[in-house]
Amino acid sequence: MTKRLAAFLLALLPGLAFAAGDVKLLESNASVNNIASLQRGAAMYMSYCSGCHALGFQRYSRIAKDLELPEELVMDKLVFTDAKIGDHVKVAMDPADGQAWFGKTPPDLSLVARSKPGGPDWVYTFLKSFYVDETRPAGWNNTVLPGSSMPHVLWELQGSQRPIYQEGAAEALPVIERLEMASPGSMSAQEYDAAIRDLTNFLTYVGEPAAIKRTSMGVWVILFLAAFTFLAWLLKHEYWRDVH
Ligand code: HEC
C-alpha cells in the first residue's frame, strides 16, 4: 500500500515541476498590512476584474470592515451589480456566456493567490506577462499561463507587449526570451507595477482575510512574550536571592 502510494506521488513529481513552469516569477512584495494599498487594489479589482471573476468567499461587508471603508462608500463606489452589502462578490456574467466567449468560464479568484505555485508572486507576474498573439481567440497570450484565454484587460494601462524569441530555437518550437513594450499604455512601468502590486495585495488578503489581524497581532504577541520573559527573570532573581 505504502509502495503504491509512493509510486503515485513520484509519478506526480514531473507534473508538479511542470506546473511551477520555467518562467521566473517576479517578487510582488505584497503586504496585507498596507490598508491604503488594499483599498486601491479593491477599487481596481471591482473596476477591471469583477465583471468576469467572482470572489465567492468574500462579502462586501467584510471588505468594508477589514479595509476600513464606510459601507455606503463601498455600495457607492465598489458595487456595480444589484448586490447588497451582505452579499458575496458575484459576477454579473452568466457562466455559460463566459464559456462561449472565452472558451473557458473565468474562475473564482477567492483563493488564487494561495493556490498557485509562488502564490501572490504568480498573480503579480501573470498580470505583467500578457503579449499580443494573433493566433489566440482573444488576441492575447501570457508567458506565465501559456494559451491563456483571458484577454489583457489592463492593456490600456500597461500598454501592449510583443515577444522577443530566443535565437537558435527551432522555428516550430519558438522559445520566448523576454517581452518588449510595443506600444506604451497610460501608465509608466513603475506606475503599472505599483497598481498590480495593489491588486495582488488585495487578492492575497481575499485568500486569507484573517491575515490582517493575524500578522498585526503577531507583534503584540512577541511584545507580550518579551515583557513576560522579563517578569519571569525578575522573579527568578527574587527567589535565588533567598537561596544564596
Ligand atoms: C473578460 C473577462 C475577464 C476579465 C475582465 C478578467 N479575467 Fe482573469 N481570466 C479570464 C479567463 C477566461 C480566465 C481563464 C484563463 C485560462 O485558464 O485559460 C482568467 C484567468 C485568470 C487567472 C488565472 C486563474 C487560474 O486559476 O488559472 C487570474 C489570476 C486572473 N484571471 C486574474 C484576473 C484579474 C486580476 C483581473 C482584473 C485585472 C481579471 N482576471 C480580469 C477572464 C477575465
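Predicted model, so just to flag it, every value in this text is computed and none were measured. (Residues numbered from 1 in each chain as written. Predicted model: local features only at pLDDT ≥ 70, side-chain atom pairs only at ≥ 80, totals over all residues. Heavy atoms only, no water.)

1. Some words on the site of the ligand
Thought 1: The environment of the ligand is made up of 22 residues, and the closest members are Cys49, Cys52, His53, Ser149 and Met150.
Thought 2: Here an oxygen atom of the ligand and a side-chain polar atom of Lys104 are 2.9 Å apart.
Thought 3: Side-chain polar atom of Lys116 to an oxygen atom of the ligand: 2.9 Å apart, as the coordinates give it.
Thought 4: Of all the secondary-structure elements, those providing two or more residues to the shell around the ligand are α2 (35-49) and α7 (120-128).
Thought 5: The leading source of residues in the shell around the ligand is α7, at three residues. (Near = heavy atom within 4 Å. Polar contact = N/O pair within 3.5 Å; in protein donor to acceptor, adjacent residues only side chain to side chain. Helix = DSSP H or I, 4+ residues; strand = E, 2+ residues; numbered from the N terminus.)

2. Re the coordination of the iron atom of the ligand
Thought 1: Surrounding the iron atom of the ligand are the protein donor atoms His53 (NE2) and Met150 (SD), which sit 1.9 to 2.1 Å from the metal.
Thought 2: One way to put it: the six donor atoms around the iron atom of the ligand meet at angles of 86 to 178°, and that makes the site octahedral. Of the two residues, His53 sits in the loop between α2 and β1 (55-59) while Met150 sits in the loop between β4 (140-142) and α8 (155-158), which places them 97 residues apart along the sequence. (Donors = N, O, S within 2.8 Å, 3.2 Å for Na, K, Ca; no water. Tetrahedral: all angles 85-135°; square planar, octahedral: opposite > 155°, others 65-115°.)

3. Structural notes on the packing of aromatic side chains
Thought 1: Here the structure, examined in full by the defined rule, presents six aromatic pairs.
Thought 2: Consider the rings of Phe126 and Phe130, whose centres lie 5.2 Å apart with planes at 55°: the pair is tilted. You'll find Phe126 and Phe130 in the same group, each marked buried.
Thought 3: Centroid distance Phe202 to Tyr205: 6.0 Å. Interplanar angle 40°. Geometry classified as tilted. With a gap of three residues between them, Phe202 and Tyr205 both fall in helix α9 (residues 189-207), about one helical turn apart. Each of the two residues, Phe202 as well as Tyr205, counts as buried.
Thought 4: Three or more aromatic residues link up through ring pairs in this structure, and these residues are Tyr45, Phe202 and Tyr205. (Phe/Tyr/Trp six-rings, centres within 6.5 Å; stacked < 30°, edge-to-face > 60°. Buried < 20%, exposed > 50% of the residue type's maximum accessible area, 1.4 Å probe, protein only.)

4. A closer look at the packing of α7 against α9
Thought 1: α9 packs onto α7 with a crossing angle of 140° between their chain directions and a minimal axis gap of 9 Å. Between α7 and α9, the angle is such that the two are oblique. When the axes of α7 and α9 are compared, the crossing they make is right-handed. Contacts between α7 and α9 involve Pro120, Val123, Tyr124, Leu127 and Lys128 from the former and Tyr192, Asp193, Ile196, Arg197, Leu199, Thr200, Leu203 and Thr204 from the latter.
Thought 2: Each residue belonging to the contact of α7 with α9 can be placed in one class, and the counts come to eight nonpolar, two polar and three charged. (Axes fitted to C-alpha atoms, helices over the stretch in contact; angles between N-to-C directions. Parallel < 35°, antiparallel > 145°, perpendicular 65-115°, else oblique. Left-handed = near helix turned anticlockwise from the far one by under 90°. Contact = heavy atoms within 4.5 Å. Nonpolar A, V, L, I, M, F, W, Y, C, P; charged D, E, K, R; others polar.)

5. Here we look at the pattern of salt bridges
One side chain can pair with another of opposite charge once the charged atoms of both are near each other.
Thought 1: Inspection of every chain in the model, using the stated rule, returns seven salt bridges.
Thought 2: The closest approach of N and O atoms between Lys77 and Asp76, which form a salt bridge, is 3.6 Å. The burial state of Lys77 is the same as that of Asp76; both residues are exposed. (Salt bridge = Lys/Arg side-chain N within 4 Å of Asp/Glu carboxyl O.)

6. Observations concerning α9
Thought 1: For α9, built from 19 residues, the straight-helix expectation of 27 Å at 1.5 Å per residue is met to within 8% by its first-to-last C-alpha distance of 27 Å.
Thought 2: With 14 of 19 residues buried, α9 is to be regarded as a mostly interior element. (Expected span 1.5 Å × (residues − 1).)

7. Brief notes about a nonpolar patch on the surface
Thought 1: Taken together, the side chains of Met217, Val221, Phe224, Leu225 and Phe228 make up a nonpolar region of the molecular surface, amounting to roughly 520 Å² of accessible area.
Thought 2: Residue placement: Met217 occurs in helix α10 (residues 211-243). (Patch = residues over 30% accessible without salt bridge, like charges linked within 9 Å, V, L, I, M, F, W, Y side chains within 5 Å. Areas by Shrake-Rupley, 256 points an atom, 1.4 Å probe, with all protein chains shown as cover.)

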